[in-house]
Amino acid sequence: MAKLIVANWKMNGSFTKIEEDLRTYLHNHNTNVKNVVFALPNVYLGLIKCLKIDASFKLGSQDISKFDNVGAYTGEVSGAMLKDLGVDYAIIGHSERRMYFNENEDILIKKINNAINNNITPIYCIGESISVRKNKNYKDFLLNQLEVLTKTNIAVTKAEIKLVIAYEPIWAIGSGLVPSTEEIVEVINFINAFVQNYLPHAKITALYGGSVSKINAKEILDLPQVDGVLVGGASLLIPDFTSICSYKFE
Ligand code: PGA
């Protein structure tokens, strides 16, 4: 199965820079690469449609409103609006949003349901802090974050639902620190076992994220348990990201 590679551009770029970077990526990448997602800042998601960019990649959002209706929700962007712009994936529960926007279980459940209801695949992020990792209770912590999924429509539907779960240890994000391959595999196996037990209708894609670079990407992507990577900083450097995306596609 081709691996899924997601670029999380966070709050970076400008209209000109993003257009230029996407065109450079499209010019240089291997045209066989189908499973690449660019999660652009919301305000630039419409650029692909407006500029009629012939994209071989998928579009992702970095967030989605918890509200599922049109109406008086100043500043919000709904799932339907994102779908209208061609968005297929939404990052939900990234540690930066949990930390800076106090996204709690109730909010995350609504966002996941809003994504699913609009045919957008959630990229649900989980990950522990360094103190939790050191206290060795990271599995309980991660279990708690996974249990949110059992309170969403994913748990009740009878139809097959696509779900991406990204393991992103907070201590690895933007730090240059990466867990050992054994540590990554341990958590990915834990995620897969959880999904098998509690979300039998979910078609799971399990990603690793946190300081993925063009140097370490191959080793991580070579792990059969890992279905892909979520890339922050290195995805902003188009030559680096193109090199990550060229994994096994030559
Ligand atoms: P990083 O970010 O690759 O810069 O560590 C990953 C992320 O936050 O998704």
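Enquirer: How should I be thinking about unusual backbone geometry in this particular structure?
Expert: Its identity is not glycine, yet N102 carries a phi of approximately 50°, on the positive side. Structurally, N102 can be placed in the loop between helix 4 (95–100) and helix 5 (105–117). Phi at N119 takes a positive value of approximately 60°, unusual for a residue other than glycine. Within the secondary structure layout, N119 lies in the loop between helix 5 and strand 5 (121–126).

Enquirer: Honestly, the packing of helix 1 (residues 15–28) against helix 10 (residues 238–245) in this entry has me stumped. Any pointers?
Expert: In a packed pair of helices, the relevant descriptors are the angle between the two axes and the axis-to-axis distance. Here helix 1 crosses helix 10 at 40°, and the two axes come no closer than 10 Å. In terms of their interaxial angle, helix 1 and helix 10 are classed as oblique. Both helix 1 and helix 10 take part in a crossing whose hand is right-handed. For the pair formed by helix 1 and helix 10, the contact residues are D21, T24, Y25 and N28 on the first element and I238, F241, T242 and C245 on the second. In terms of residue class, the contact of helix 1 with helix 10 is built from four nonpolar, three polar and one charged.

Enquirer: Looking at this model, I keep getting lost on the packing of helix 7 (residues 138–147) against helix 8 (residues 181–198). Mind explaining?
Expert: Packing of helix 7 against helix 8 leaves a shortest axis separation of 11 Å and a crossing angle of 40°. The angle between the axes of helix 7 and helix 8 places the two elements in the oblique class. For the crossing formed where helix 7 meets helix 8, the hand is right-handed. Residue-level inspection shows Y138, K139, L142, L143, L146 and E147 of helix 7 in contact with helix 8, the latter providing E186, V187, F190, I191 and F194. Of the residues contributing to the contact of helix 7 with helix 8, the split by class is eight nonpolar, no polar and three charged.

Enquirer: What am I meant to see in the site of the ligand here?
Expert: Taken together, 13 residues sit near the ligand, with K10, H94, E168, G174 and S211 positioned nearest. Residue K10 places a side-chain N or O atom 2.7 Å away from an oxygen atom belonging to the ligand. Considering only residue class, the shell around the ligand consists of four nonpolar, seven polar and two charged.

Enquirer: I would appreciate a short explanation of the sheet that holds strand 4 (residues 87–92) in the present structure.
Expert: Within a beta sheet, neighbouring strands are joined by backbone hydrogen bonds and run either parallel or antiparallel to one another. An order of 1-2-3-4-5-6-7-8 is seen for the eight strands of this closed barrel, with the pairing classed as parallel. Looking at each pair of strands side by side, their axes are set apart by 25° on average, direction ignored. Direction of pairing for strand 2 (residues 36–39) relative to strand 3 (residues 58–61): parallel, over a ladder of three bridges. The residue bridging A39 from the neighbouring strand is G60, located in strand 3. Here helix 7 sits on the sheet in contact with strand 5 and strand 6 (161–167), set at roughly 155° to strand 5. Lying over the sheet, helix 8 contacts strand 5, strand 6 and strand 7 (202–209), oriented at roughly 160° with respect to strand 7.

Enquirer: Is there a simple way to explain the pairing of strand 1 (residues 4–8) in this structure?
Expert: Regular strands have side chains that alternate between both faces of the sheet. In terms of burial, strand 1 is largely enclosed, as five of its five residues are buried. Of the two faces of strand 1, both are covered, the one formed by L4, V6 and N8 as well as the one formed by I5 and A7. With four bridges connecting them, strand 1 and strand 8 (residues 228–231) associate as parallel partners. Bridge pairing in strand 8 places A7 opposite V231. In this sheet, strand 2 lies alongside strand 1 in parallel orientation, the contact comprising four bridges. What sits directly across from V6, in strand 2, is V37.

Enquirer: Can you help me understand helix 1 in this one?
Expert: Here helix 1 is 14 residues long and its end C-alpha atoms lie 20 Å apart, about the 20 Å a rise of 1.5 Å per residue gives. Burial in helix 1 covers these residues: I18, D21, L22, Y25 and L26. Each buried residue of helix 1 lies within a common arc of 130° when the element is viewed along its axis, so the set occupies one face. Looking at helix 1, the residues exposed on the side facing more than 90 degrees away from the buried face are T16, E20 and H27. Structurally, helix 1 contributes buried residues whose contacts are with strand 2, helix 2 (47–50) and helix 10.

About the cut-offs
- Residues numbered from 1 in each chain as written.
- Predicted model: local features only at pLDDT ≥ 70, side-chain atom pairs only at ≥ 80, totals over all residues.
- Heavy atoms only, no water.
- Helix = DSSP H or I, 4+ residues; strand = E, 2+ residues; numbered from the N terminus.
- Axes fitted to C-alpha atoms, helices over the stretch in contact; angles between N-to-C directions.
- Parallel < 35°, antiparallel > 145°, perpendicular 65-115°, else oblique.
- Left-handed = near helix turned anticlockwise from the far one by under 90°.
- Contact = heavy atoms within 4.5 Å.
- Nonpolar A, V, L, I, M, F, W, Y, C, P; charged D, E, K, R; others polar.
- Near = heavy atom within 4 Å.
- Polar contact = N/O pair within 3.5 Å; in protein donor to acceptor, adjacent residues only side chain to side chain.
- Pairing = 2+ DSSP bridges.
- Buried < 20%, exposed > 50% of the residue type's maximum accessible area, 1.4 Å probe, protein only.
- Expected span 1.5 Å × (residues − 1).
- Arc of directions from axis to C-beta.

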